[in-house]
Amino acid sequence: MAEPRLVVRLKEVRTAAGLTQQELADRARVSRKTVNTIENRIFTPSVVVALTLAKALGVPLDVLFELTD
Amino acid sequence: MGRATAEEMKSRARARLSRQRLEWGLLACLVLAAVILMVVAARAPEAARAPEAALLSMTAVFFALVVLGLVVVMAFDLWGKRQADLEVLAGGPDKDQVQSSEAFGLVFLAALGLLYMAFGVEAGWRIASQTGDIDDWWSAIFSLAMPGVVMSTVLSDKFRTRQAGALPKPADELVIHFRRHALVWSFRATLVALAALYVAGLYDGRLAVAGAPIVFEAAALTAALRYWWLDRAASHG
């Protein structure tokens, strides 16, 4: 069985919402670096931060993050 | 938060900033005094050529180093308060900037630790050779101070708040991630340094004692540099 892969669509959803990294960071009350590192796959957030970002963007969690085979 | 409260906070921040100018001046005087003491103490034994003069000058150098170390710690605290007040005046804290200044602060402290390490190694060698005096004991023990400060920051799960008098907040998730990576690198560096120290100790037991500050400094410097590097990488993009 292949290893599941995490797909991160934060950047696509954020730009579609017309937000900058800083604006999203302010909405979600995280640092801009947190948003940047998640978008660049440097850092995988916890469920709490992932849910916070989804809530700030007004989308379900699985739109932002998805596990694929 | 009401408009009056925000204005009140700005006015308090302005007052604190003006008070801090005096504190900066006092710190500068302390640095100047410590440097003068160090220069005079370093030249004294050459002039006097007496064992008592050498002991006195070593004590003076040690005292000057302690003062310089305390000034650095106080300067960082003051700098943090200044940043917090400037942020209040600018309208809100910039979390990214605060994180970056913490990363830079760690590297600065770890780099300063190199100086203390050099004194510690020298003192450790004399102690291991049975020729050390009380100043050597102080130097050897004091060489652990900077690595201690750096490592306690990296090991902490708290984020040091820059607001004067405020309690430390739980660290940002990304900061914890950086600290974890910095610790892993630090652990690797410690193992390598310990292995080298072990081999050196097999050759000459005194090297194992004298080289111990290098292990602590290697751990702290690696952690600080790795943390700073990760923070720098996160800032771009």
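The sections below set out a description of the structure shown in this document.

Definitions and limits used
Residues numbered from 1 in each chain as written. Chains lettered and ligands numbered in written order. Predicted model: local features only at pLDDT ≥ 70, side-chain atom pairs only at ≥ 80, totals over all residues. Heavy atoms only, no water. Helix = DSSP H or I, 4+ residues; strand = E, 2+ residues; numbered from the N terminus. Contact = heavy atoms within 4.5 Å. Areas by Shrake-Rupley, 256 points an atom, 1.4 Å probe, with all protein chains shown as cover. Axes fitted to C-alpha atoms, helices over the stretch in contact; angles between N-to-C directions. Parallel < 35°, antiparallel > 145°, perpendicular 65-115°, else oblique. Nonpolar A, V, L, I, M, F, W, Y, C, P; charged D, E, K, R; others polar. 1 Å grid on protein atoms, 1.4 Å probe; cavity = no way out; pocket = protein on both sides within 12 Å on 5 of 7 lines; lining within 4 Å. Points joined across faces, edges and corners; volume = space filled by probe spheres on them. Buried area = accessible area lost by both parts, 1.4 Å probe. Salt bridge = Lys/Arg side-chain N within 4 Å of Asp/Glu carboxyl O. Polar contact = N/O pair within 3.5 Å; in protein donor to acceptor, adjacent residues only side chain to side chain. Core = buried A, V, L, I, M, F, W, Y, C linked by side-chain atoms within 4.5 Å. Buried < 20%, exposed > 50% of the residue type's maximum accessible area, 1.4 Å probe, protein only.

**As for the overall build of chain B**
If you tally the helices and strands in chain B, you get eight helices and two strands. Listed by position from the N terminus, the elements making up chain B come as α-α-α-α-α-β-β-α-α-α. Relative to all contacts within chain B whose residues are 6 or more apart in sequence, the contacts with residues 24 or more apart total 76%. For chain B, the exposed surface amounts to about 13,500 Å²; the carbon and sulfur share of it is 70%.

**A short note on the packing of helix H2 (residues 21-28) of chain A against helix H4 (residues 47-57) of chain A**
Residue and element names in this part refer to chain A. At a minimum axis separation of 9 Å, H2 and H4 run at an interaxial angle of 110°. Here H2 is positioned roughly perpendicular relative to H4, judged by the angle of their axes. Listed contacts from H4 to Leu 24, Arg 27 and Ala 28 of H2 are Thr 52, Leu 53, Ala 56 and Leu 57. Split into classes, the residues belonging to the contact of H2 with H4 amount to five nonpolar, one polar and one charged.

**Focus on empty space enclosed by the protein**
All names here are of chain B. All told, the structure shown has one cavity of 30 Å³ or more when counted by the stated rule. Roughly 40 Å³ of volume is contained in the largest cavity. Along the walls of the largest cavity sit Phe 62, Leu 65, Tyr 116, Phe 119, Ser 139, Phe 142 and Ser 143, which together make up its complete lining. At the level of secondary structure, the elements contributing two or more residues to the lining of the largest cavity comprise helix H2 (51-90), helix H3 (95-128) and helix H4 (134-142). Its residues placed into classes, the lining of the largest cavity shows five nonpolar, two polar and no charged.

**Some points on the interface of chain B and chain A**
Counting residues at the interface gives 14 residues for chain B, matched by 16 residues for chain A. For the pair chain B and chain A, the summed buried area comes to about 1,200 Å², and 46% of that belongs to carbon and sulfur atoms. For the chain B face of the interface with chain A, the top three residues by lost area are Asp 96, Glu 173 and Leu 174 of chain B, together amounting to 46%. Joining chain B to chain A, the criterion identifies one salt bridge. Between Lys 33 of chain A and Asp 231 of chain B there is a salt bridge, and its shortest N-O distance comes to 2.7 Å. At the surface where chain B touches chain A, the tally comes to six residue pairs in polar contact (both at pLDDT 80 or more). Mapped onto the side of chain B that touches chain A, the elements with two or more residues apiece are H3, helix H6 (173-203) and helix H8 (212-235) of chain B. Looking at side-chain class alone, the side of chain B that touches chain A contains three nonpolar, six polar and five charged residues.

**Quick word on the nonpolar core**
Ranked by internal contacts, the top residues of the largest apolar core, which has 53 residues, are Leu 10, Leu 24, Ile 38, Leu 53 and Leu 64 of chain A together with Val 150 of chain B. Considering each element in turn, this core owes the most residues, ten residues, to H2 of chain B. Apart from residues lying up to four places away in sequence, Leu 64 of chain A is in contact with Val 7, Val 8, Arg 9, Leu 10, Val 13, Ala 50, Leu 53, Ala 54, Leu 57 and Val 59 of chain A.

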